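Residue-level structure breakdown
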Amino acid sequence: MKNRVFEIFLSISGGAVFALAVAWIASPAGLVTGGVSGVGIVLKEVTNGALPIFVTSFVLNVPLFIICTLQRGLSFISKSVIAFASVTVFLSLFENIPSPLGLENDILLSSLSYGLISGAGLGLVLRAGATSGGTDMLAAIIKHKSPETSISFLIVLIDIAVIALGVFVFGLRISLYAIAALFISARVIDTVLSGLGVSKAVFIVSDESEEISRHIGTELKRGVSCIDIVGMYTGEKRKMLFAVVSSRELAELRRIVGDCDKKAFVTVSDAKQVLGEGFGDLIGSKESLS
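Read on for an overview of the structure. (Residues numbered from 1 in each chain as written. Predicted model: local features only at pLDDT ≥ 70, side-chain atom pairs only at ≥ 80, totals over all residues. Heavy atoms only, no water.)

On to the nonpolar core. Grouped together as the largest cluster of nonpolar side chains are 28 residues, with contacts concentrated most on Val22, Leu31, Ile41, Leu91 and Tyr114. Elements with a minimum of two residues in this core: α1 (2-29), α2 (35-46), α4 (74-94), α5 (107-127), α7 (151-170) and α8 (172-194). Tallying contributions element by element places α1 first for this core, with 9 residues. When neighbours within four sequence positions are excluded, Ile41 is seen to be in contact with Val22, Ala26, Ser27, Leu31, Val32, Ile53 and Phe170. (Core = buried A, V, L, I, M, F, W, Y, C linked by side-chain atoms within 4.5 Å. Buried < 20%, exposed > 50% of the residue type's maximum accessible area, 1.4 Å probe, protein only. Helix = DSSP H or I, 4+ residues; strand = E, 2+ residues; numbered from the N terminus. Contact = heavy atoms within 4.5 Å.)

Here it is, written out as structure tokens:
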């Protein structure tokens, strides 16, 4: 129950943040970054403001949600309905309030601001295991009919088509800024989902593997796995340890390994997202777009 309430909070707040980015930054600057909101910005410009973005978003998203429900069942879109409703409501609110940011004449700052803010909003929505609809939902519908097609490819293809539409209305220069904003947004989404602190995956080959493992467990309070390996040149069977630690713990781990075996072979790589005990919570939708 507690997790469910938290997911609803993330969906609503994420939808509000994304709606703010669209209404107060993207729309005034003419940044068509793809998705249903991008179509809404184009239509609002073409109709001289007679067709608000939230109306376009509602009209285009409702059929997508209905089709997805028929294809995959109500459980697939249950969380996303909250996020979609949040985006629609807050879009209608923010569109009727003049933007206090005053960024419409600074396309570079608009691109950076939109990427950061929209990425944060969408990241919160995705962290709740939901989607705001639009591109993701349309891609899921197409993939259901064509399972062999990559959903990430479909999303990119749809976004490119919407951005291309924006070229004819706002020009190539602004559309290039929109693409840059889209990339910034994607990076921020990734950061929100994986966290600011990048964990480290560590592989250790040593003759003192048991001692090293014991010290990692007692001093760092981290679990260690042991993998049997064979040296292809010597044919010698050895043990390789695998552990995941935070960036701040890496120096301490290196000290432990050095104290136990100065001849140990250690490989360290970034673990982009770590879920489970001691790291991120395994919170997410049981249903997947893919």
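Bringing the pairing of strand β3 (residues 237-245) into the picture now. The side chains of a regular strand alternate between the sheet's two faces. Relative to β3, strand β1 (residues 199-205) is paired through 6 bridges, and the arrangement is antiparallel. Directly across from Lys200, in β3, lies its bridge partner Val245. By the bridge criterion, 6 bridges tie strand β2 (residues 225-230) to β3 in an arrangement that is antiparallel. Along β3, the bridge assignment pairs Ile227 with Met240. (Pairing = 2+ DSSP bridges.)

Further remarks concern α5. The end-to-end C-alpha separation of α5 is 29 Å, in line with the 30 Å expected for 21 residues at 1.5 Å each. Buried residues of α5: Ile107, Ser110, Ser111, Ser113, Tyr114, Gly115, Ser118, Gly119, Gly121, Leu122, Gly123 and Val125, and no others. Just beyond α5, the residue with positive phi is Gly129, at close to 80 degrees. (Expected span 1.5 Å × (residues − 1).)

Moving on: unusual backbone geometry. What you tend to see is this: most non-glycine residues have negative phi, and most peptide bonds are trans. Positive phi values are uncommon outside glycine, yet Asn48 reaches one of about 55 degrees. Assessed through its relative accessible area of 74%, Asn48 is described here as exposed. Even without a glycine there, the phi angle at Lys221 is positive, about 60 degrees. One can find Lys221 in the loop between α9 (209-220) and β2.

Two numbers describe how helix α3 (residues 53-72) lies on helix α6 (residues 135-145): the axes approach to 10 Å, and their chain directions differ by 35 degrees. For the crossing formed where α3 meets α6, the hand is left-handed. When α3 is examined against α6, the residues Leu64, Phe65, Ile67, Cys68, Gln71 and Arg72 are found in contact with a partner set consisting of Met137, Leu138, Ala140, Ile141, His144 and Lys145. When the residues that make up the contact of α3 with α6 are grouped by side-chain class, the tally is 8 nonpolar, 2 polar and 2 charged. (Axes fitted to C-alpha atoms, helices over the stretch in contact; angles between N-to-C directions. Left-handed = near helix turned anticlockwise from the far one by under 90°. Nonpolar A, V, L, I, M, F, W, Y, C, P; charged D, E, K, R; others polar.)

This brings us to the pattern of salt bridges. Summed over all chains, the structure comprises 7 salt bridges. With a shortest N-O distance of 2.7 Å, Arg255 and Glu219 are connected by a salt bridge. In this pair, Arg255 is assigned in helix α10 (residues 250-260) and Glu219 in helix α9, connecting sequence segments 36 residues apart. Note on Arg255: relative accessible area 35%, which makes it partly exposed. What emerges from the salt-bridge pattern is a single network uniting Glu219, Glu252, Arg255 and Asp259. (Salt bridge = Lys/Arg side-chain N within 4 Å of Asp/Glu carboxyl O.)

Before going further, it helps to spend a moment on the packing of α9 against α10. Between α9 and α10, the least distance of the axes is 10 Å, while the angle of their chain directions is 145 degrees. As α9 runs across α10, the sense of the crossing is right-handed. Contacts between α9 and α10 involve Glu211, Ile212, His215, Ile216, Glu219 and Leu220 from the former and Glu252, Leu253, Arg255, Ile256, Val257 and Cys260 from the latter. Of the residues contributing to the contact of α9 with α10, the split by class is 7 nonpolar, 1 polar and 4 charged.

Before going further, it helps to examine a nonpolar patch on the surface. On the surface, Leu172, Leu176, Ile179 and Phe183 cluster together into a nonpolar patch covering about 410 Å² of accessible area. With respect to the helices and strands, the residue Leu176 is situated in helix α8. (Patch = residues over 30% accessible without salt bridge, like charges linked within 9 Å, V, L, I, M, F, W, Y side chains within 5 Å. Areas by Shrake-Rupley, 256 points an atom, 1.4 Å probe, with all protein chains shown as cover.)

Moving on to α2. In this model, α2 (12 residues) spans 17 Å end to end at C-alpha, consistent with the 16 Å of a helix rising 1.5 Å per residue. One or two positions beyond α2, positive phi appears at Asn48, with a value near 55 degrees.

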